[in-house]
Amino acid sequence: MVRKTDPGSIAPVNRVIPFSAVDGPGSRTAVFLQGCNTDCKYCHNPETRNMCLGCGDCVAACPQGALSMEPGRQVVYDWEKCVFCDACIQTCRHGSSPRIRLLNAQETYSLIKRQVPFIRGVTVSGGECMLYPEFLRELFVFCKASGLHTLIDSNGTIPFGAFPGLLEVTDGVMLDIKAYDPGDYRMVTGGDNRAVLENAVFLAESGKLYEIRTVVVPGLFHVFDTVKKSAALLAPYCGSGRPDIRYKLITYRENGVRACYRNWQPPSRDLMEQLARTAREEGMNDVIIV
Ligand code: SF4
Ligand code: SF4
């Protein structure tokens, strides 16, 4: 982890993907921040959940000498030596990564700026990027000054209404509704979904809800209940002059999921299409399956 002392809010940046076609409309730069406040059983990026504890296990695992320890149990990452083999991530038992850079908004924007002529926008994801709302606001101020479209990818557990300055420079939010029933949600994530559903309505009323998403894992939670009730909650905010809110139904896949949670099977295409029909019957027009 590299410390920076420049002014402004700092966030732990896990990685920046210069060109992504799957993180919102058009070609975008996607920024992933480290750290999450939920623990989803099917998490596909489990190394983004926690901050590094400085145990040092990954240092010896690196074949390139890209990692070293400095006093104070601090891992130092030399990205110029890194070949992205992921040996460090596979070694870590704490849901973390040593390949984190602590950057302020200006430093992060410098990793976006070179793509500006070729991208439509920027999406910030995680982990849970709303753990760093002031960093997000500062980063999006730079993005908007360059005419970029700005999206937040969030689990929705942190109330957006508390950050009006951030919403001013945010074009849209992609919000996870991991389960509708509170008991189901707690079983999937270990947390509470009251703020998620309140955020969904608040963002829909504000015209800032770009998309909701549900990962479909048969047998883990009641998927029809979640899709039906989520669609019914948000359908009143679609159409009649408002832009449609997209409902993205995500097919669960095992890739990247922790071994102890790989006992579920992906849903069939037929199940995904039944769920899409359910969402449309409740009044959502823009439903996609990925
Ligand atoms: S991904 Fe980079 S830092 Fe991690 S083990 Fe491989 S070379 Fe070393
Ligand atoms: S990234 Fe993981 S293995 Fe490496 S020092 Fe941090 S906690 Fe330990």
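Thresholds applied
Residues numbered from 1 in each chain as written. Chains lettered and ligands numbered in written order. Predicted model: local features only at pLDDT ≥ 70, side-chain atom pairs only at ≥ 80, totals over all residues. Heavy atoms only, no water. Helix = DSSP H or I, 4+ residues; strand = E, 2+ residues; numbered from the N terminus. Rg over C-alpha atoms; globule rule 2.2 N^0.38 Å. Buried < 20%, exposed > 50% of the residue type's maximum accessible area, 1.4 Å probe, protein only. Contact = heavy atoms within 4.5 Å. Areas by Shrake-Rupley, 256 points an atom, 1.4 Å probe, with all protein chains shown as cover. Axes fitted to C-alpha atoms, helices over the stretch in contact; angles between N-to-C directions. Parallel < 35°, antiparallel > 145°, perpendicular 65-115°, else oblique. Left-handed = near helix turned anticlockwise from the far one by under 90°. Nonpolar A, V, L, I, M, F, W, Y, C, P; charged D, E, K, R; others polar. Pairing = 2+ DSSP bridges. Near = heavy atom within 4 Å. Domains from an automatic or database assignment. Right-handed = clockwise from strand over helix to strand, strands pointing away. Phe/Tyr/Trp six-rings, centres within 6.5 Å; stacked < 30°, edge-to-face > 60°. Lys NZ or Arg CZ within 6 Å of the ring centre and 35° of its normal.

1. Things to note about the overall build of the protein chain
Okay, step 1: The helix and strand inventory of the protein chain stands at 9 helices and 11 strands.
Okay, step 2: For the protein chain, whose C-alpha radius of gyration is 19 Å, the value lies close to the compact-globule estimate of 19 Å for 290 residues.
Okay, step 3: Along the longest, intermediate and shortest principal axes, the C-alpha atoms of the protein chain span 60 × 45 × 30 Å.
Okay, step 4: Across the 290 residues of the protein chain, 52% fall into the buried class.
Okay, step 5: Considering only intrachain contacts with a sequence separation of at least 6, the fraction spanning at least 24 residues in the protein chain is 68%.
Okay, step 6: A total of about 13000 Å² of accessible surface is found on the protein chain, and carbon and sulfur atoms cover 52% of it.

2. Comments concerning the packing of helix α3 (residues 105-113) against helix α4 (residues 133-145)
Okay, step 1: Running from amino to carboxyl end, α3 crosses α4 at an angle of 45 degrees, the nearest separation of the two axes being 9 Å. Classified by the interaxial angle, the pair formed by α3 and α4 is oblique. Between α3 and α4 lies a crossing whose hand is right-handed. Between α3 and α4, the contacting residues are A105, Q106, T108, Y109 and I112 on the first element and F135, E138, L139, F142 and C143 on the second.
Okay, step 2: A class-by-class count of the residues in the contact of α3 with α4 yields 7 nonpolar, 2 polar and 1 charged.

3. Comments concerning the pairing of strand β1 (residues 10-20)
Okay, step 1: In the sheet, β1 pairs with strand β5 (residues 101-104) via 4 bridges, with the strands oriented antiparallel. Each residue of the ladder has a partner; that of A11, found in β5, is L103.
Okay, step 2: Two strands pair when backbone bridges link them, and β1 and strand β2 (residues 28-33) are joined in this way by 5 bridges, in the antiparallel orientation. Within the sheet, the bridge partner assigned to V16 lies in β2 and is V31.

4. Section: the site of ligand 1
Okay, step 1: The environment of ligand 1 is made up of 14 residues, and the closest members are C62, C82, C85, C88 and R99.
Okay, step 2: When grouped by side-chain class, the residues that make up the shell around ligand 1 number 11 nonpolar, 1 polar and 2 charged.

5. Digging into the domain arrangement of the protein chain
Okay, step 1: When cut into domains, the protein chain gives domain 1 (10-49 + 100-289) and domain 2 (57-91).
Okay, step 2: The C-alpha centroid of domain 2 is placed 30 Å from the C-alpha centroid of domain 1.

6. What to know about the site of ligand 2
Okay, step 1: Near ligand 2, the surroundings consist of C52, L53, G54, C55, G56, D57, C58, V75, C92, H94, S97 and P98.
Okay, step 2: When grouped by side-chain class, the residues that make up the shell around ligand 2 number 7 nonpolar, 4 polar and 1 charged.

7. Quick look at the pairing of strand β10 (residues 246-251)
Okay, step 1: By the bridge criterion, 6 bridges tie strand β9 (residues 209-216) to β10 in an arrangement that is parallel. Across the sheet, residue I212 finds its bridge partner in β10, namely Y247.
Okay, step 2: Crossover connection from β9 via helix α8 (residues 223-234) to parallel β10: handedness right-handed.
Okay, step 3: Here 3 bridges tie β10 to strand β11 (residues 287-289), and the two strands are oriented parallel to one another. The residue bridging L249 from the neighbouring strand is I289, located in β11.
Okay, step 4: Between β10 and its parallel partner β11, the chain crosses via helix α9 (residues 269-281), and the hand of that crossover is right-handed.

8. So, the packing of aromatic side chains
Okay, step 1: Inspection of the entire model under this criterion finds 1 aromatic pair.
Okay, step 2: Ring centres of Y109 and F142 lie 5.5 Å apart, and the angle between their planes is 15 degrees; this geometry places the pair in the stacked category. With Y109 in helix α3 and F142 in helix α4, this residue pair connects regions lying 33 residues apart in the sequence.
Okay, step 3: Using a relative accessible area of 8% as the deciding quantity, one classes Y109 as buried.
Okay, step 4: Given the relative accessible area of 29%, F142 is considered partly exposed.
Okay, step 5: A cation sits over an aromatic face here: R15 above F32, 4.3 Å from the ring centre.
Okay, step 6: Over the ring of W79 we find R101, and its NZ or CZ is 5.8 Å from the ring centre.

9. Some points on the sheet that holds β10
Okay, step 1: What the 9 strands build is an open sheet, ordered β5-β1-β2-β6-β7-β8-β9-β10-β11; its pairing is mixed. Whereas interior strands pair on both sides, the edge strands pair on one side only; in this sheet they are β5 and β11. Neighbour-to-neighbour, the strand axes of this sheet turn through a mean angle of 30 degrees, independent of strand direction.
Okay, step 2: As judged from the 4 bridges shared by strand β6 (residues 121-125) and strand β7 (residues 149-154), these two strands associate in the parallel manner. The residue of β7 that forms the bridge with V122 is T150.

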